[in-house]
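# Survey of secondary and tertiary structure
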Amino acid sequence: MPTLGVNIDHVATVRQARRTFEPDPVQAVTAAEAGGADQITIHLRQDRRHIQDRDVHAIAEMVKVRLNFECACVDEMLQIAIATKPHQICLVPEKREEVTTEGGLDIVGGRVRISTAIELMHANDINVSLFIDPVAEQIDCSNELGADAVELHTGCYANASDGDARDEQLRILSDASQRVLEHGMQLHAGHGLTYTNVIPVAAIPGMEELNIGHTIVSRSIFVGLEQAVREMKELISV
Ligand code: PXP
């Protein structure tokens with residue numbers, strides 16, 4: 001049964017819509033923990049679209065469960081990670097014009113930069129997860145560079161429209177998962193997962209961690225964040 005990382009970026013998105021003080025992501029951490037979150041995930045983007053630097057500091061001080069710090073593989077963010085000391089850093093690609101993280105990080109193309117980042121994080125006792133597409137060469141290269149975990153991008157699965165297309169994407173995810181486990185890396189997944197599509201991904205053998213944000217924050221508008229997290233936690237406890 002996978003653990004649940006609750007991504008609270010979009011609590012900050014609502015606040016930033018007015019550049020005010022509410023809703024407060026720190027309060028979201030407390031509610032998510034009360035609902036059974038095993039981890040809090042935050043993505044400090046270079047454009048500071050949602051989470052702000054002060055949120056990172058405040059959350060790192062008060063969070064009781066694991067903190068997963070998502071960021072681009074750039075010096076500025078790696079230095080913030082070192083200062084923050086999260087349990088885990090998850091390296092993601094970032095494009096300024098994107099609505100959300102669109103594809104996995106290209107480990108093969110960026111191997112020198114990523115390998116240096118992994119060494120730096122390990123020297124500071126921070127685990128490294130790489131957010132990648134479910135593609136064999138990206139998985140193999142992640143392992144070669146010494147990543148502790150990979151988070152498989154579930155966007156294509158989530159976007160697949162009909163049953164056949166979704167089954168095919170699930171097969172791709174399952175094969176990729178097996179490859180990750182054969183390398184001895186931890187298996188994580190996330191992006192686009194919802195209350196209605198999460199169960200087959202949670203049921204992939206060896207799945208250790210799911211990072212889920214938008215659907216939980218969306219549901220929290222109607223039932224509250226604690227309850228929204230509790231419902232997701234129950235669903236993935238397969
Ligand atoms: N995992 C990673 C690496 C992400 O970039 C995101 C989106 O910020 C998520 C998980 C969560 O995706 P969603 O908000 O679609 O649940």
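Up top is the structure these notes are about.
Residues numbered from 1 in each chain as written. Predicted model: local features only at pLDDT ≥ 70, side-chain atom pairs only at ≥ 80, totals over all residues. Heavy atoms only, no water.

### Structural notes on helix α2 (residues 25-34)
Buried within α2 are the following residues: Pro25, Ala28, Val29, Ala32 and Glu33. Taken around the axis of α2, the buried residues stretch over an arc of 130°, which confines them to a single face. Here the buried face of α2 lies against β1 (3-7), α1 (9-18), β2 (39-43), α3 (53-62) and α11 (225-236). The distance from a side-chain oxygen at the start of α2 to the backbone nitrogen of valine 26 is 3.0 Å, and the residue carrying that oxygen is aspartate 24. At the exit of α2 stands glycine 36, carrying a positive phi of roughly 110°. (Buried < 20%, exposed > 50% of the residue type's maximum accessible area, 1.4 Å probe, protein only. Helix = DSSP H or I, 4+ residues; strand = E, 2+ residues; numbered from the N terminus. Arc of directions from axis to C-beta. Contact = heavy atoms within 4.5 Å. Polar contact = N/O pair within 3.5 Å; in protein donor to acceptor, adjacent residues only side chain to side chain.)

### Points about the sheet that holds β2
The sheet built from 8 strands closes into a barrel, its strands ordered β1-β2-β3-β4-β5-β6-β7-β8 with parallel pairing. Averaged over all pairs of adjacent strands, the angle between their axes in this sheet comes to 25°, without regard to strand direction. Sheet analysis places β2 next to strand β3 (residues 66-71), joined by 5 bridges and oriented parallel. Considered in β3, the bridge of threonine 41 is made with asparagine 68. Helix-sheet contacts for α11 involve β1 and β8 (209-212), and the interaxial angle to β1 is about 145°. (Pairing = 2+ DSSP bridges. Axes fitted to C-alpha atoms, helices over the stretch in contact; angles between N-to-C directions.)

### Structural notes on the environment of arginine 179
Among the structural elements, arginine 179 can be located in helix α8 (residues 163-182). Separated by 45 residues in sequence, arginine 179 and proline 134 have C-alpha atoms that sit 9.6 Å apart. With residues up to four places along the chain from it excluded, the contact list for arginine 179 reads Ala136, Ile139 and Asp140.

### Digging into unusual backbone geometry
For the peptide bond that leads from glutamate 22 to proline 23, omega is 0°, which places it in the cis range. One can find proline 23 in the loop between α1 and α2. Within the chain, arginine 48 stands out as a residue other than glycine whose phi angle is a positive 50°. Looking at the secondary structure, you find arginine 48 in the loop between β2 and α3.

### Some words on helix α10 (residues 214-223)
Of all the positions in α10, only Thr215, Ile216, Val217 and Ser220 are classed as buried. Looking at the buried side of α10, the elements it contacts are β1, α1, β8 and α11. Following α10 by one or two positions, glycine 224 has its phi on the positive side, about 90°.

### Some thoughts on the pattern of salt bridges
Pairs can form between side chains of opposite charge once their charged atoms are near each other. This model, assessed by the stated rule, comprises 13 salt bridges. Arginine 111 is paired through a salt bridge with glutamate 144; the nearest N and O atoms lie 2.6 Å apart. Here arginine 111, found in helix α5 (residues 111-123), pairs with glutamate 144, found in helix α6 (residues 136-144); they are 33 residues apart in sequence, far enough to count as distant. Overall, the relative accessible area of 33% leaves arginine 111 in the partly exposed class. Residue classification places glutamate 144 among the exposed positions, given a relative accessible area of 56%. (Salt bridge = Lys/Arg side-chain N within 4 Å of Asp/Glu carboxyl O.)

### Concerning the packing of α6 against α8
Interaxial distance between α6 and α8 falls to 10 Å at its minimum, and their mutual angle equals 20°. Between α6 and α8, the angle falls in the class roughly parallel. Between α6 and α8 lies a crossing whose hand is right-handed. Residues Ala136, Ile139 and Asp140 of α6 pack against Ala176, Arg179 and Val180 of α8. Of the residues assigned to the contact of α6 with α8, the class counts are 4 nonpolar, no polar and 2 charged. (Parallel < 35°, antiparallel > 145°, perpendicular 65-115°, else oblique. Left-handed = near helix turned anticlockwise from the far one by under 90°. Nonpolar A, V, L, I, M, F, W, Y, C, P; charged D, E, K, R; others polar.)

### Structural notes on the pairing of β8
Side chains Glu209 and Asn211 of β8 all project onto a buried face; the interleaved residues Leu210 and Ile212 project onto the opposite face, where all are buried too. As judged from the 3 bridges shared by strand β7 (residues 186-190) and β8, these two strands associate in the parallel manner. The residue of β8 that forms the bridge with histidine 188 is glutamate 209.

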